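Understanding the architecture of this molecule
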Amino acid sequence: MTSADEQGALRAPTGTHDVLWPASWRFQTMVANFASLVERAGYGLLQSPTFEYAWVFRRGAGEGTDVVAKEMYEFADRDGRHLALRPEGTASVVRAYLQHHPALPWKAWYATPLFRHERPQAGRYRQHHQVGAEVLGAADADLDVEVIWLADRFLSGLGLERYTLKIGSMGDGNCRPAYVDELRRFLVERRDSLCDEHRSRVETSPLRVLDCKQPACRATTAGAPRLLDRLCEECAAHFARVLDGLGALSIAPEVDDRLVRGFDYYTRTTFEFASAAIDAAQNALGGGGRYDDLVATLGGDPTPGVGFGIGIERVLLACDAEGVFPAAPGALDAFVVDVTGGEAARDLVAELRGGGLGADRAYDGRSMKAQMKLADRSGAAVALIVGREELAAGTVTLRPLRAPGEQRPVGRHDVVSAVRSVVAGPS
Ligand code: AMP
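Analysis parameters
Residues numbered from 1 in each chain as written. Predicted model: local features only at pLDDT ≥ 70, side-chain atom pairs only at ≥ 80, totals over all residues. Heavy atoms only, no water. Helix = DSSP H or I, 4+ residues; strand = E, 2+ residues; numbered from the N terminus. Rg over C-alpha atoms; globule rule 2.2 N^0.38 Å. Buried < 20%, exposed > 50% of the residue type's maximum accessible area, 1.4 Å probe, protein only. Contact = heavy atoms within 4.5 Å. Areas by Shrake-Rupley, 256 points an atom, 1.4 Å probe, with all protein chains shown as cover. Lys, Arg positive; Asp, Glu negative; His and termini not counted. Charge placed at Lys NZ, Arg CZ, Asp CG, Glu CD. 1 Å grid on protein atoms, 1.4 Å probe; cavity = no way out; pocket = protein on both sides within 12 Å on 5 of 7 lines; lining within 4 Å. Points joined across faces, edges and corners; volume = space filled by probe spheres on them. Nonpolar A, V, L, I, M, F, W, Y, C, P; charged D, E, K, R; others polar. Axes fitted to C-alpha atoms, helices over the stretch in contact; angles between N-to-C directions. Parallel < 35°, antiparallel > 145°, perpendicular 65-115°, else oblique. Left-handed = near helix turned anticlockwise from the far one by under 90°. Pairing = 2+ DSSP bridges. Near = heavy atom within 4 Å. Polar contact = N/O pair within 3.5 Å; in protein donor to acceptor, adjacent residues only side chain to side chain.

Concerning the overall build of the protein
Summing up its helical and strand segments, the protein has 16 helices and 16 strands in all. For the protein, whose C-alpha radius of gyration is 28 Å, the value lies well above the compact-globule estimate of 22 Å for 427 residues. Overall, the protein is about 95 × 55 × 45 Å in size when its C-alpha atoms are taken along their principal axes. For the protein, the residues scored as buried account for 48% of the 427 residues in total. A separation threshold of at least 6 residues defines the contact pool for the protein, and within that pool the share at least 24 residues apart is 69%. Summed over its atoms, the accessible surface of the protein is roughly 21,400 Å², and 51% of this surface lies on carbon and sulfur atoms. Charge separation in the protein, taken as the distance between the mean sites of 49 positive and 57 negative side-chain charges, equals 4 Å.

A few points about empty space enclosed by the protein
By the definition in use, this model includes one cavity of 30 Å³ or more. Approximately 80 Å³ is the volume found for the largest cavity. Lining the largest cavity are 13 residues; nearest its centre among them are S169, M170, L227, D257 and L259. For the lining of the largest cavity, the elements supplying multiple residues, two or more each, are β7 (163–169) and α8 (206–211). Its residues assigned to classes, the lining of the largest cavity comprises seven nonpolar, three polar and three charged.

Regarding the packing of helix α13 (residues 343–354) against helix α16 (residues 415–424)
Packing of α13 against α16 brings their axes to within 10 Å, and their N-to-C directions diverge by 55 degrees. Comparing their axes, α16 and α13 come out oblique. At the point where α13 passes α16, the crossing takes the right-handed sense. Contact residues: L348, E351 and L352 in α13; V415, V416 and V419 in α16. Split into classes, the residues belonging to the contact of α13 with α16 amount to five nonpolar, no polar and one charged.

Quick word on the pairing of strand β14 (residues 382–386)
Most of β14 sits out of view: five of its five residues are buried. Here β14 shows two buried faces, one formed by V382, L384 and V386 and the other by A383 and I385. Examined bridge by bridge, strand β12 (residues 334–338) and β14 share five bridges and lie parallel to one another. Of the residues in β14, the one forming a bridge with D338 is V386. With four bridges joining them, β14 and strand β15 (residues 395–400) adopt antiparallel strand pairing. Across the sheet, the residue bridging to I385 is T397, located in β15.

A look at the site of the ligand
Residues in contact with the ligand amount to 14 residues; listed here are only the nearest, R116, E118, Y125, R261 and L285. A284 places a polar main-chain atom, nitrogen or oxygen, 3.0 Å from an oxygen atom of the ligand. Against a free-state accessible area of 480 Å², the protein chains account for coverage of 91% of the ligand. Those elements that provide at least two residues to the shell around the ligand are β6 (127–136) and β10 (284–290). Looking at which element gives the most residues to the shell around the ligand, the answer is β10, with three residues. Residue composition of the shell around the ligand, grouped by class: four nonpolar, five polar and five charged.

Here it is in structure tokens:
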């Protein structure tokens with residue numbers, strides 16, 4: 001069924017966006033920066049399909065989580081298979097591991113669109129993008145430190161300064177169940193003072209109440225037992241080692257005993273980066289943690305894992321708010337203006353591009369004035385002008401566009417080297 005909105009509206013669906021240049025340059029460069037950072041730490045790109053069998057996310061991220069229960073885009077394909085557009089990155093990485101069994105430890109990174117049917121608002125979309133890194137097959141606390149360092153380095157490398165890191169521990173199968181029982185008893189006794197949503201959900205998901213932003217829940221949970229006080233010896237030692245490792249790298253997180261992230265798979269370390277420069281409601285930049293039970297939950301042999309995802313659009317908003325990571329000037333070195341029929345332009349751009357320079361030209365035999373306008377708008381360093389006089393003299397007029405300077409004739413065969421020396425700047 002199509003609504004009046006959809007028919008002939010010629011617009012991207014609600015909550016999605018086209019990203020045109022130069023904004024797309026920032027997007028692409030951000031992914032390239034991330035790739036070079038994590039690849040220097042031994043991570044390899046995993047490309048996996050944008051949709052999976054829906055059960056991967058149901059079982060992986062958790063049936064009762066908002067992302068799965070309320071926001072996942074699910075559909076039956078033409079063969080009746082039950083599929084879902086990827087709503088989060090980690091479950092797919094684990095599914096790919098279980099399918100291919102790469103050698104452990106396996107370090108993988110990804111850049112992917114994610115789909116969640118959320119209420120669109122600034123910084124919250126129905127399609128967003130994340131870069132992420134995951135390590136499977138090692139329980140070492142030093143890896144928790146490594147992935148946190150990578151995320152921190154990525155953000156600081158963009159020039160961001162006004163962000164915070166919160167860290168907590170979810171315990172594990174040894175210590176968490178007893179804590180959850182204790183918390184549930186505590187909250188059920190105070191059910192009447194919880195917010196409407198959590199009054200009815202307190203039995204099934206008491207941990208979520210800790211994360212509730214409503215004043216009623218905040219006040220009620222202020223005196224609740226803390227998981228960090230109930231960690232078993234192994235989890236406490238792991239957490240201490242993570243904090244120690246971060247300290248050694250001069251990363252000072254805020255320990256947060258309420259850090260309940262949106263997925264069920266976390267064990268032990270969880271962390272979240274938030275920007276102080278953007279609107280408080282949508283200020284999370286990214287986060288992650290350890291998920292030592294997830295591989296087994298999806299049907300494999302117990303295999304520990306740790307990783308994170310960072311929201312690209314959100315990071316770009318933080319960059320705007322802090323005035324860092326601006327769009328770069330264009331990649332063009334030369335723009336060819338040819339008013340002699342276009343053959344000179346055709347051959348010159350081929351020569352310039354063949355020589356490794358960025359070159360573009362005007363088409364359709366436009367006027368000198370129109371072509372000069374395009375040259376100015378292109379962001380190129382120089383215009384190369386070919387008129388009848390130049391053609392007769394075997395020259396090209398080189399006019400600097402970005403930096404001040406006089407225009408001058410250049411021999412037709414010296415054009416590539418002349419442009420190269422303008423681009424390189426004064427020696
Ligand atoms: P999550 O996968 O929910 O842990 O989110 C990781 C990061 O992705 C968040 O910190 C945000 O930066 C970003 N993110 C999550 N959901 C959205 C969304 N609907 N729109 C834009 N960015 C999002």
